[in-house]
Amino acid sequence: MLERRGFIKYLTASGLFLGFPGFLNAKELNGKTLILVELKGGNDGLNTIIPYGDSLYYDLRKNISIEKNKIIPINNHIGFHPSLAKLNDIYKDGDLAILQGVGYENPNKSHFRSIEIWESASQSNEYLENGWITNVFLNNSAQNDLDGIVMGKNSLGPMFGKGIKTLDIDNPDKFIKRSKQMKNIVANNSIHDRALNYLLNVQKEIINSRELFAQKLISSKKFTNRGFSKNSFSKDMYETARVILSDFKVPVIKVSLGSFDTHSYQVNKQAKLLKIFADGLAEFKNALKENGNWDDILLVTYSEFGRRVRENASKGTDHGKANVHFAMGGKIKGGLHGKYPSLSDLDDGDLRYNLDFKSIYNAIVEDWWGYKTINRLKKYDKLTFI
Amino acid sequence: MFTKLFVILMLPFVTFALNLKDAKHLMDRTSFGLTQKEFQILKNKNKKEAVNWLINQNKKDYEPDLPSWANSPLIKTKPMKKMSTQERKIFRQKYRKRVLSLKIWWLKTMLKTETPLREKMTLFWHNHFTSSIKKVRSPYLMLKQNELLRQNALGNFGVFLHVISKDPAMILYLDNQSNKKQKANENFAREVMELFTLGVGHYSEKDVKESARAYTGWHVNLKKMKFVYVKKFHDYHEKSFLGENGNFDGDDVLNIILKKKQTAKFITLKFYKEFINDNDINQSEIARISDIFYRSNYDISTLLKEILLSPEFWSEKNRAVLVKSPVELIVGTLRALDIQPKNVKSLVYILKQLKQDLFDPPNVKGWSSGVDWLDSSSVLLRNQTISRFTRGKEMGKKVSMMMQEKENFTFKKGISKNKKIEFFKEYFLPMDPIHPINHKYKIKKIIANLLKDPVYQLK
């Protein structure tokens, strides 16, 4: 008991855990990890899960539509982009959920504002000071080794804001090597400089994580990257798998892929990215299945918006609204969720949403992690996909 | 009576000569740190004189030496698809070499420039009117754009907005090349309002669509690599934009945007965040300064002068609150130590790893700034880079030797070691270090430790 109190006192003094009200009600997280994949720039969902059964699709996209005979059918209305062959395999195994018509009320078409809405789970006209994941851990503190890791060149995303323990690394080996030189810092509460405080907290987090990685990370000799492709997305997926197999208590790992902002010459660019995406997911699945951790992960994609239904003059698409997303894992209810949006009943040229992304988040919080939901998600009925 | 009181209160603010701390603050925020030479000039000036000197010094016509290929764009003899594998390989090699040469050139320019404010502003505008080599695919056009940014860096914002909108690299970057009547591409129309002038919330989706039609026909002639107005692509129908109706073209639309005071406010706020404080903002100063900026008909030097002479700029609470960008950290360190590195190429790679790859910002919003630079991987790499500098590895001349020379250069014989340490502390750091100075160490080790202190990352 004494030890524990001393520990809390130390954490509070170091300034790291201020604003952590539920600390004493800490709850074990049963090794359930959420992998977030950000498809940066706004992926074109219409050319990802393709409504090939609708002639309007071919009318509106004369130059950039995907030929019927190349599409991998899901049913007689929609099918996978040919680059997504590996996703189709996962789908057939029942481990992939296709989330259709995902969006939110009063959508914003600015990259920066829209991703902020997604990452904070705010209303369209509401500005919140932290990400939705940050908010979940502030309200449900668990004794995690780290609350979140950002893998590769990428932003904190829904883990922005104060009060949780996050780490942003290129890859674990580089992190271990570089962090060796970092000097320990004596806690100093008299610093009022915001930027300096921020920097010192990052340094403290590095020093804490350094010990953790040194103790727990399995070596790349034991778990090799055989079976993973050489591109940076697959590398990030490999490192993500490695961290999960190392048995860290880390509920969130974020990776990203991009840029999907295909205003011009979309066909080749998107085909390349979708292949990297699908292959990376399949490689990740194989690695986890082999090691028996497949049921402990839930992978979910997000992106700032979908794209305009009608192609533009540059064989590309402009910013749009509703979009398709994916969820993958051993415990997932595979299949189709939500409705495929209509191509005739458009919202100013864009797809209408029928599934609020906050319903997905709400299910992640309660059904995946088993936490108490947060205020900003409460009023959205949980999507039953886990 | 009040005026008198005001004058008395303001007196210390304008009359006294700059001390080392003030000179460092001014140059940290507006240039790439303070050099010895600049300190010798600034220490005899009061704040107003210093700001005037700085701006006038940097307003002179100035064009750095350009790379040898500056006037000869890489031309494909035939389209990529028709090239043989070998030809394609050779072309790609040439292209990559030029991109690297472009980045090295700008970094060298920043390292040796005599007009650091001008370079700093060029970097500022590169991050405002962004374009990326990854999309533009032409080192030649990116260089032309860079020259344009430099020429207009302290000029008139209205003129600047018009010329940058017709800049070939910009047209390619924001897809105006394919913006044609009946098939508009909205990319440029949206970003010009969201990021270049008004900011989110000051225009509607309809304004985006209508103004996109006004910019139709602003294209690049890819043979001559020059702007061209293609009349047959222009939409001559009436447009309704920000409450005005007419048969507008792109220039008309930009003029309507410039008529809005919000544009002056948006730019003033961006300056405030860049030069004073990016988090704690004095809104009444924004209102006052943006009004002056608007009335000056968007004179950038006037805006900058008002920002630098604002009491907020010199206020203690706004010192050492900004985070150095990777470029500022690296260029500033080498300038402060008087090092002209032989291997600039390695610095280009370091900048890329630190996520500020010149000519290649991550997206149209540019690099995010402030504490966003400080994620754990960047913090580690920043520290590692600075340690490497202080050990002198990779650099043409050993840093430790330079430090020894500096010690001899700066002080007259007989000055106490404590005084020397005090000088270096203020010369290198914007506030007292986190790690206490061990006075027993040799000066060069003390300097190395100052550079490795967390506070060194701030300005």
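Placed above this text is the structure.
Below: a short report on this structure. All figures in this text were calculated on a predicted structure; none of them were measured in a lab. (Residues numbered from 1 in each chain as written. Chains lettered and ligands numbered in written order. Predicted model: local features only at pLDDT ≥ 70, side-chain atom pairs only at ≥ 80, totals over all residues. Heavy atoms only, no water.)

## Describing the overall build of chain A
So, point 1. Counting its regular elements, chain A contains 11 helices and 12 strands.
So, point 2. Here the C-alpha atoms of chain A give a radius of gyration of 21 Å, agreeing with the 21 Å that 2.2 N^0.38 yields for 386 residues.
So, point 3. Viewed in the frame of its principal axes, chain A has a C-alpha envelope of about 70 × 50 × 35 Å.
So, point 4. Counting across all 386 residues of chain A, residues that qualify as buried make up 60%. (Helix = DSSP H or I, 4+ residues; strand = E, 2+ residues; numbered from the N terminus. Rg over C-alpha atoms; globule rule 2.2 N^0.38 Å. Buried < 20%, exposed > 50% of the residue type's maximum accessible area, 1.4 Å probe, protein only.)

## Examining the overall build of chain B
So, point 1. Secondary structure assignment for chain B yields 23 helices and 4 strands.
So, point 2. For a compact globule of 459 residues, the expected C-alpha radius of gyration is about 23 Å, and chain B comes in at 24 Å, within 12% of that figure.
So, point 3. Seen through its C-alpha atoms, chain B measures out along the principal axes to roughly 80 × 75 × 40 Å.
So, point 4. If you take every contact in chain B between residues at least 6 apart in sequence, the share linking residues at least 24 apart comes to 71%.
So, point 5. About 20200 Å² of surface is accessible on chain B, with carbon and sulfur atoms providing 53% of the total.
So, point 6. Separation between the mean location of the 83 positive side-chain charges and that of the 47 negative ones in chain B comes to 7 Å. (Contact = heavy atoms within 4.5 Å. Areas by Shrake-Rupley, 256 points an atom, 1.4 Å probe, with all protein chains shown as cover. Lys, Arg positive; Asp, Glu negative; His and termini not counted. Charge placed at Lys NZ, Arg CZ, Asp CG, Glu CD.)

## Concerning the environment of Arg96(B)
So, point 1. By the element assignment, Arg96(B) lies in helix 5 (residues 85–112).
So, point 2. We classify Arg96(B) as exposed; its relative accessible area is 53%.

## Notes on the packing of aromatic side chains
So, point 1. Under the counting rule described, the total for this entry stands at 39 aromatic pairs over all chains.
So, point 2. An angle of 90° between the planes, with centres 5.8 Å apart, marks the rings of Tyr104(A) and Phe357(A) as edge-to-face. Taken as a pair, Tyr104(A) in the loop between strand 5 (96–103) and helix 4 (111–120) and Phe357(A) in helix 10 (residues 357–368) lie far apart in primary sequence, 253 residues in all.
So, point 3. Considering the side-chain rings of Phe357(A) and Tyr361(A), the 5.1 Å spacing of their centres and the 65° angle between planes classify their relative orientation as edge-to-face. You can see Phe357(A) and its partner Tyr361(A) sitting in helix 10, 4 residues apart, about one turn around the helix.
So, point 4. An aromatic cluster of at least three residues, connected via ring pairs, comprises Phe124(B), Trp125(B), Phe129(B), Phe157(B), Phe160(B), Phe196(B), Phe271(B), Phe275(B), Phe293(B), Tyr294(B) and Tyr298(B).
So, point 5. The lysine or arginine in question, Lys358(A), covers the ring of Tyr380(A), its NZ or CZ lying 4.6 Å from the ring centre. (Phe/Tyr/Trp six-rings, centres within 6.5 Å; stacked < 30°, edge-to-face > 60°. Lys NZ or Arg CZ within 6 Å of the ring centre and 35° of its normal.)

## Section: the nonpolar core
So, point 1. Ranked by size, the top nonpolar core spans 211 residues in total, and within it Phe80(A), Leu26(B), Trp125(B) and Phe271(B) carry the most contacts.
So, point 2. Beyond its immediate chain neighbours, meaning those up to four positions away, Leu26(B) contacts Leu18(B), Leu42(B), Ala50(B), Val51(B), Leu54(B), Leu308(B), Phe313(B) and Trp314(B).
So, point 3. Formed by 40 residues, the second largest nonpolar core is a distinct cluster that contains Leu36(A), Val150(A), Met159(A) and Ile374(A). (Core = buried A, V, L, I, M, F, W, Y, C linked by side-chain atoms within 4.5 Å.)

## Re the interface of chain B and chain A
So, point 1. The interface is formed by 44 residues belonging to chain B together with 38 residues belonging to chain A.
So, point 2. Summed over both sides, the interface of chain B with chain A buries roughly 3600 Å², with 57% coming from carbon and sulfur.
So, point 3. Among the residues of chain B in contact with chain A, Val371(B), Ser376(B) and Leu380(B) are the three that bury the most area, contributing 16% of the side total.
So, point 4. Put simply, chain B and chain A have 2 salt bridges between them.
So, point 5. Between Lys209(B) and Asp348(A) there is a salt bridge, with the nearest N and O atoms lying 3.3 Å from each other. (Buried area = accessible area lost by both parts, 1.4 Å probe. Salt bridge = Lys/Arg side-chain N within 4 Å of Asp/Glu carboxyl O.)

## Thoughts on the sheet that holds strand 3 (residues 72–73) of chain A
Residue and element names in this part refer to chain A.
So, point 1. With respect to topology, 3 strands assemble into an open sheet ordered 2-4-3, the strand pairing being antiparallel. If you trace the sheet from one side to the other, it starts and ends with strand 2 (49–50) and strand 3, each paired once.
So, point 2. The pairing of strand 3 with strand 4 (residues 79–80) spans 2 bridges and is antiparallel. Bridging from a neighbouring strand, proline 73 pairs with glycine 79 of strand 4. (Pairing = 2+ DSSP bridges.)

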